[in-house]
Amino acid sequence: MATSASTKLDKAVKHQYMDLPQGDKVQAMYIWVDGSGEGLRCKTRTLDSEPKTIQDLPEWNFDGSSTYQSEGSNSDMYLVPAAMFRDPFRKDPNKLVLCEVLKYNRKPAETNLRRMCEKIMTMVDTQHPWFGMEQEYTLLGVDGHPFGWPSNGFPGPQGPYYCGVGADKAYGRDVVEAHYRACLYAGVQICGTNAEVMPAQWEFQVGPCEGINMGDHLWIARFILHRVCEDFGVVASFDPKPIPGNWNGAGCHTNFSTKEMREDGGLKIIEDSIERLSKRHMYHIRAYDPKGGLDNARRLTGHHETSNIGEFSAGVANRGASIRIPRTVGQEKKGYFEDRRPSANCDPYIVTEALIRTCLLKEEGEEPAEYK
């Protein structure tokens, strides 16, 4: 397995510079989703003082022709700060700044799904929608080979790796621990992590987050993971089926509830929502990966703890269903449900937006409704 050339640089040399005082100046790393709908880009600017709110951060711009977001003849794109976090790499007072991307005419770029998501969330804010997303990913070498796998073969079959302990079962825990602590430092609402079913596959969970915060926190958690992996010389892949064959894919199971669902008798509201979801299955499938369902088709086969992409199903404690109602929710008659269809490389903004549209705004049909 190949690691990146950067790992051969002496990190101790870097640290002697990172320990230098920076005066009153602050480094703000602006982060955005590129034209692929999956990749993240970033660049840094100096601020004269520490920003306290998002309003303290200036807009910026970048060359969209180099990020699959514009043509060279009209390439300037705007970066509009949307959410701010502490920087776990440069540390306080420096910041990570998640941005929306606007085109030359100030309209959202095609892969800026945050703007519409925020509009939809404000329409239902009195219902206090909570989300929790379970982000699975696979650690790879820079050559694309799974971390820790034999160079000319495969590890033993799945079984001992899920939540496994030991050098022959857990591949890459240093990355996981570093990422977890960095997220806590940044202020990301990370709530857990575990080794997954396939060796070199891991999961972290973010939530509960209300409304637009879900997408903001998950995208920053992904960015932090990519940066941690960069330091270790490995790659974090969100491909929903990185290894073909008898190996688990990678999803982003999404847990959802409203205030009414969390209160006594909420199970009836949950069941009503599932009924609405059953009638809009393909709309959600198209929203749940950046290629309109093509990526998920490799994962949602009805095997390896997945449902079949062409069929909707729901059940209590059933990990082979589209929607799972946790056993405790069935017993207590209130709580939340889990949508197991989103792929690991989904955009959390459109996933959460789609759930709100179908379950709370009670939309029907295969296309999203338009609102003034």
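Quick note: structure is the one above.
Residues numbered from 1 in each chain as written. Predicted model: local features only at pLDDT ≥ 70, side-chain atom pairs only at ≥ 80, totals over all residues. Heavy atoms only, no water.

Draft legend 1. Structural context of the environment of M84. Relative to the helices and strands, M84 is located in strand 4 (residues 76-86). Those residues in contact with M84, other than ones at most four positions away along the chain, are P51, K52, T53, I54, L57, K95 and L96. (Helix = DSSP H or I, 4+ residues; strand = E, 2+ residues; numbered from the N terminus. Contact = heavy atoms within 4.5 Å.)

Draft legend 2. Expanded view of the packing of helix 3 (residues 173-186) against helix 4 (residues 213-232). Look at helix 3 against helix 4: their axes get within 9 Å of each other, and the N-to-C directions meet at 135 degrees. In this view, helix 3 runs oblique relative to helix 4, as classed from their interaxial angle. Considering the relative orientation of helix 3 and helix 4, their crossing is right-handed. Contacts from D174, V175, A178, H179, A182, C183 and A186 of helix 3 reach helix 4 at A221, I224, L225, V228, C229 and F232. (Axes fitted to C-alpha atoms, helices over the stretch in contact; angles between N-to-C directions. Parallel < 35°, antiparallel > 145°, perpendicular 65-115°, else oblique. Left-handed = near helix turned anticlockwise from the far one by under 90°.)

Draft legend 3. Structural context of the state of the cysteines. One pass over the structure, following the stated rule, counts 0 disulfides. A disulfide-free cysteine, C359 has its sulfur positioned 14 Å from the sulfur of C117, the nearest such atom. Residue C359 is classed as buried on the basis of its relative accessible area of 2%. (Disulfide = S-S within 2.5 Å. Buried < 20%, exposed > 50% of the residue type's maximum accessible area, 1.4 Å probe, protein only.)

Draft legend 4. Representation of the sheet that holds strand 4. With mixed pairing, 5 strands are arranged side by side in an open sheet as 2-1-5-4-3. The strands lining the two open edges of the sheet, one partner per strand, are strand 2 (40-47) and strand 3 (60-63). On average, adjacent strands in this sheet sit at an angle of 40 degrees to one another, irrespective of strand direction. Strands strand 1 (26-33), strand 2, strand 4 and strand 5 (95-102) of the sheet are contacted by helix 4, whose axis makes an angle of about 115 degrees with strand 5. (Pairing = 2+ DSSP bridges.)

Draft legend 5. Representation of the pairing of strand 5. Within strand 5, 8 of the 8 residues are buried, leaving the element largely enclosed by the surrounding structure. With burial as the criterion, each face of strand 5 is covered, one bearing K95, V97, C99 and V101 and the other bearing L96, L98, E100 and L102. Across 4 bridges, strand 1 lies against strand 5 in parallel orientation. Residue pairing in the sheet places Y30 in a bridge with V97 of strand 5.

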